[in-house]
Amino acid sequence: SWRRVEFFNTWLMGTLPPRIQLDLLPGLGCAAHLALLAERPVRDCDDYIAAGRALQRFWLTATRLGLYAQPEMTPVIFTRYHRDERAFTGKVSAIRQVAELNEGLSTLLEGRARERVFFMARIGTGPAPSSRSLRRAAASLLLGDAERCEQSRCIDH
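Calculation notes
Residues numbered from 1 in each chain as written. Predicted model: local features only at pLDDT ≥ 70, side-chain atom pairs only at ≥ 80, totals over all residues. Heavy atoms only, no water. Axes fitted to C-alpha atoms, helices over the stretch in contact; angles between N-to-C directions. Helix = DSSP H or I, 4+ residues; strand = E, 2+ residues; numbered from the N terminus. Parallel < 35°, antiparallel > 145°, perpendicular 65-115°, else oblique. Contact = heavy atoms within 4.5 Å. Nonpolar A, V, L, I, M, F, W, Y, C, P; charged D, E, K, R; others polar. Core = buried A, V, L, I, M, F, W, Y, C linked by side-chain atoms within 4.5 Å. Buried < 20%, exposed > 50% of the residue type's maximum accessible area, 1.4 Å probe, protein only.

Undergrad: Can you help me understand the packing of helix α4 (residues 73-83) against helix α5 (residues 92-108) in this one?
TA: Two quantities define a packed helix pair, namely the angle between the helix axes and the distance between the axes. Where α4 contacts α5, the two axes come as close as 9 Å, and the packing angle between them is 110 degrees. When the interaxial angle is binned, α4 and α5 end up roughly perpendicular. Across the interface between the two elements, T74, P75, F78, T79, H82 and R83 from α4 touch V98, A99, L101, N102 and L105 from α5. Of the residues in the contact of α4 with α5, the class split is six nonpolar, four polar and one charged.

Below you can see the structure in the form of structure tokens.
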């Protein structure tokens, strides 16, 4: 029940153990933290496509070099909510925390650069994650003319 979750999170430090396990310890143990910045704030479809292209290029290069990246999207998402004055919760304490996060990110990224951040991560080396999804060969993803036509429900082949 949401009432139990709220009670646990409010009075029994419900968010503390996962924050330590999922953010603090891995953050201290990684080789580095990184932020990818666009040339200007990401606003429209073309900006998002360009950011995605840059992110994919970065991720594939890191993988080729034997590095593993773990996204840290909370700062990116919630500082944007704060800057856009988007209501994401009714809890005043959470809104205050996000305002502090926004200021911290501003300090870390030297002011207005925070508006150009589209991806943050921690990065490092180590054993390959066992839970990673398998990547199929590109050739296995391509359809021949007949299959493509059948999927689009063409009448004439």
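Undergrad: Explain the environment of A50 to me, please; I cannot follow it from the model alone.
TA: Relative to the assigned elements, A50 resides in helix α3 (residues 45-64). C-alpha of A50 to C-alpha of L67: the two residues are 17 residues apart in sequence and 23 Å apart in space.

Undergrad: Please explain the nonpolar core as it appears in this structure.
TA: Generally speaking, nonpolar side chains in soluble globular proteins are found buried as a group. L34, L36, A38, V42, A51, A62, A69, F118, F119, A121 and I123 form the largest nonpolar core, which has 11 residues in total. Considering every element that reaches this core, the biggest residue donor is strand β3 (residues 117-124), with four residues. Residues V76, L109, A113 and M120 belong to the second largest nonpolar core, which totals six residues.

Undergrad: What is the right way to look at unusual backbone geometry in this model?
TA: In this model, E85 sits at a positive phi of 55 degrees, which is unusual for a non-glycine residue. Following the sequence through the fold, E85 ends up in the loop between α4 and α5. Looking at E85, the relative accessible area reads 73%, which means it is exposed.

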